[in-house]
Amino acid sequence: MAEVSFRIGGMTCASCVARVERALRRREGVETAEVNLATERARVAFDARRVELPELVEAVRQAGYEPVVTRTELGVKGMTCAACVRRVERALGKLPGVLSASVNLATGRATVEHLADAVTPAALGAAVRAAGYEPVLGAAADADREQAEREAEIRGLGRDLTAAAALTVPLVLIAMGPLFFPALGGLLEAVAPPAFWHGLEFLLATPVLFGAGRRFFRSGWAELRHASPGMNSLVMLGTSAAWGYSVLALAAPGLFPEGTANLYFEAAAVIVTLILLGRYLEARAKGRTSEAIRRLMALQARTARVLRGGEAVEVPVEEVLPGDLVVVRPGERVPVDGTVTEGSSYVDESMLSGEPVPVAKGPGDTVVGGTVNKTGSFTFRAERVGADTVLAQIIRMVEEAQAAKPPIQQLADRIAGVFVPVVMVVAALTFVIWLLVGPSPALSYAFVAAVSVLLIACPCAMGLATPTAIMVGTGRGAEMGVLFRKGTALELLARVDTVVLDKTGTVTRGRPELTDLVVVEGEEAEVLRRVAAAEARSEHPIAEAVVEAARARGLDLPEVAAFEAVPGYGIEAEVEGRRIQVGADRYMARLGIDLGPVAGRVEAWADAAKTPLYAAVDGRLAAALAVADPVKEGSREAVEALHRLGLAVAMVTGDHRRTAEAVARAVGIERVMAEVLPEHKAEEVRRLQAEGRRVAFVGDGINDAPALAQADVGVAIGTGTDVAIEAGDVILMSGDLRGIVNAVALARRTLRTIRLNFFWAYAYNVALIPVAAGALYPLLGVLLNPMLAAAAMSLSSVFVVTNSLRLRRFRPPAATHAGAGTEAQGVAA
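The rules we used
Residues numbered from 1 in each chain as written. Predicted model: local features only at pLDDT ≥ 70, side-chain atom pairs only at ≥ 80, totals over all residues. Heavy atoms only, no water. Axes fitted to C-alpha atoms, helices over the stretch in contact; angles between N-to-C directions. Helix = DSSP H or I, 4+ residues; strand = E, 2+ residues; numbered from the N terminus. Parallel < 35°, antiparallel > 145°, perpendicular 65-115°, else oblique. Left-handed = near helix turned anticlockwise from the far one by under 90°. Contact = heavy atoms within 4.5 Å. Nonpolar A, V, L, I, M, F, W, Y, C, P; charged D, E, K, R; others polar. UniProt positions renumbered as here; feature names shortened; annotations may be inferred. Pairing = 2+ DSSP bridges. pLDDT = per-residue confidence, 0-100. Expected span 1.5 Å × (residues − 1). Buried < 20%, exposed > 50% of the residue type's maximum accessible area, 1.4 Å probe, protein only.

1. Some points on the packing of helix α1 (residues 14–25) against helix α2 (residues 53–62)
Alright, step 1. Look at α1 against α2: their axes get within 9 Å of each other, and the N-to-C directions meet at 140°. Between α1 and α2, the crossing angle belongs to the class labelled oblique. Pair α1 / α2 crosses with right-handed handedness. Where α1 approaches α2, its residues Val 20, Ala 23 and Leu 24 are matched on the opposing element by Leu 56, Ala 59 and Val 60.
Alright, step 2. Residue composition of the contact of α1 with α2, by class: 6 nonpolar, no polar and no charged.

Pasting the structure below:
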């Protein structure tokens, strides 16, 4: 199976989406085809052995639309003969999305024709490199190509709108002015006879329809030819009917019953102008829905300073290879991911972790592409480049989430697929009914009502209701440090009623720390340094906590003369001539050491979820230590916030029940599932689902993979470099648990926005189609003017997109480091 994603031009409404999907799915070998109106992209999974990419492109073209094809040129070094040319062409041609590849040996350049955005310049370069040659890519790497094309579309709409308005304004004055200003009518008659002005109306309206409005006719005819009418069909039929009726009334008025030979040139021109205005405003608004992606892409460095032959050479970031040594100076962005080999500095990683305080970096530390070096200079070894960097993964995840189609949109698409044909039938029935029973002149009333029905019922707003909200919502989430790997996760997370938290690494920090130390005999510092020296030979996590505590106090650990681990009990070592024995209570009992002096204190530790540890020196009890996995900062606030959102919160852990319940009490969790093995966590999720609950599971994304997959929504929590976790539907880039609160709140707000969009789109159509058909005429004498119908239709689409854009102003309810850091970085709006 192969998968390709590409952009399609010419789609305007949900009917267009349904038509393209049908055309693609009819091709043998196509497994799935999903089309997104807001992003203007199709994502197709197909069997490459049964259907080839050009066939899919042709299927889209036959449906009346145009896949966006672009051409990329790159240099190729190292070719010496025709065999080299064929090898490079084959390597490029195998990439999904490439339609053709031509390599010129004389110029050393390759020209690749491919579907826009299906192949990146970096992928082309990687294919050339895999074939054994060296690519030469441009520094810009065409990152802003889509934005440039969208701006060109907006400029084109602006030009057509300006031309249409320039012709429509005098047309309306000539046709409608005398009705409102009788003096103007007298002035016009004094200048020239009515026949002259009627002819001028024809001359003004015709270029508006077939010049500025040609896009509606071109696309509308293609829709009708393929028996899949959509928005353009409705506009084409309505305006051409008004224009054609007027031409006949002008040329042969005798063909019409008395009083019906009216001219509607101004209505046809105003309709086209208003719809062009709506499309122009909609295109500008849609351009803003993907700003989050552009902000993320702006974080990518364009060039890198690589050591070649002992000298620092500036090269395009696409040419950085794994293993290259890269030099980063103060104020520069880190170009790719890698490990510091020389030098030290502080790096601002707020775009990943959200933490506003720069992080110290030295030899052995990892750095991530897109972060900003603040003070010193350092050299690092490149490890992950191109599409493998953390930032590239984030961008890819956001793009995939925006392109996905949640269940609510799939339902909308099915409705829209039958909506337009139904509207056309309603328009025909409206015409017939008015013609049969309408007042005189019945033909005029029938014509006006039928055209109004055609124009007001465009399904454009329906097709934009979900994808625009998903685009803005997922983009805003990325700015907050919340990555939605699937668009469906937004809808599912908004519907959950229960959140299950894994304890270790999620509610707690995931690493034990020494919390208490009670010395029975000797000085505290001396006892701790000797115990830590002994524990330094152990590999147990608790031992590591003791060692870290001693080092944090600045204690020097003495040499260990002898060491022995006592399995299941503890350790024994000789330190500075003293016999040190450290272990659990059973170890002390085995050694015959009385624990009475610390019994009361240890009991309190157990109630507080702390693990007691005992140290004996030369056979006498010297100290009792408590080690615990501390609760993360913000965990209690997160649980309280989840409760305020009306969610039930449970915790699952493999720890003893007493320890688990102590942690749960500390953070306010009401339901505890303790002593659960990692492989059984998914069963606990299933048990909750069997109770009728919709569950979100929050875990570290590694040991919890089965539970993350089983839950209705899996939320992986970790640091910024853990973004590639595959099991989670949602990823919290910061380790702060309060991110789940923000994720749920954002998902709910997005779903509310989608519902409001749908209400506006559907309720508007359901309410106004009868009005357009003339339902109010018998009661109020009101018949909707086709010009008002066109204005209302355009307004509905603009409202839907603008309403979705309000999500850009969403403010996270829980104050996390991620929120503050990202806002401080200026990545968020």
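Once you've had a look at it, read on.
2. Some words on the UniProt feature "transmembrane region" (unreviewed entry) in the protein chain
Alright, step 1. Following the UniProt record, one finds the feature "transmembrane region" (unreviewed entry) at residues 161–183, 195–213, 234–256, 262–281, 415–437, 443–466, 758–777 and 783–801.
Alright, step 2. Secondary structure within residues 758–777 divides into 85% helix and 0% strand; the distance between the first and last C-alpha atoms comes to 28 Å.

3. Some thoughts on the pairing of strand β9 (residues 303–308)
The side chains of a regular strand alternate, first on one face of the sheet and then on the other.
Alright, step 1. As paired elements, β9 and strand β10 (residues 311–316) share 6 bridges and run antiparallel to each other. Looking at the pairing, Arg 305 lines up with Glu 314 of β10.
Alright, step 2. With antiparallel pairing between neighbouring strands as the criterion, β9 and β10 make up a hairpin whose turn holds 2 residues, including Gly 309 at a positive phi of roughly 65°.
Alright, step 3. By the bridge criterion, 2 bridges tie β9 to strand β11 (residues 325–328) in an arrangement that is antiparallel.

4. What to know about the confidence of the model for the protein chain
Alright, step 1. Taken as a whole, the protein chain shows an average pLDDT of 82; of its residues, 88% reach a score of 70 or greater.
Alright, step 2. Below pLDDT 50 for its whole length, residues 818–829 participates in 32 contacts with residues either more than four positions away or in separate chains.

5. What about helix α8 (residues 214–225)?
Alright, step 1. When the terminal C-alpha atoms of α8 are compared, their 17 Å separation across 12 residues agrees well with the 16 Å that a helix rising 1.5 Å per residue should span.
Alright, step 2. Among the residues of α8, those classed as buried are Arg 215, Phe 216, Phe 217, Ser 219, Gly 220, Ala 222 and Glu 223.

6. Considering the sheet that holds strand β29 (residues 713–717)
Alright, step 1. With mixed pairing, 7 strands are arranged side by side in an open sheet as β18-β30-β29-β28-β19-β26-β27. With partners counted over all chains shown, the strands left at the sheet margins are β18 (482–484) and β27 (671–673), one partner each. When strand polarity is set aside, the average angle formed by the axes of neighbouring strands in this sheet is 20°.
Alright, step 2. The pairing of strand β19 (residues 498–502) with strand β26 (residues 648–652) spans 5 bridges and is classified as parallel.

7. Some details on the packing of helix α23 (residues 635–644) against helix α24 (residues 657–667)
Alright, step 1. Running from amino to carboxyl end, α23 crosses α24 at an angle of 70°, the nearest separation of the two axes being 8 Å. Taken together, α23 and α24 sit at an angle that is classed as roughly perpendicular. Residues Ser 635, Arg 636 and Val 639 of α23 form the contact with α24, whose participating residues are Arg 665, Ala 666 and Val 667.

8. A short note on the environment of Arg 159
Alright, step 1. Mapping Arg 159 onto the fold places it in helix α5 (residues 145–180).
Alright, step 2. Accessibility expressed as a relative area gives 58% for Arg 159, which makes it exposed.
Alright, step 3. With 121 residues separating them in the primary sequence, Arg 159 and Tyr 280 have C-alpha atoms 10.0 Å apart.

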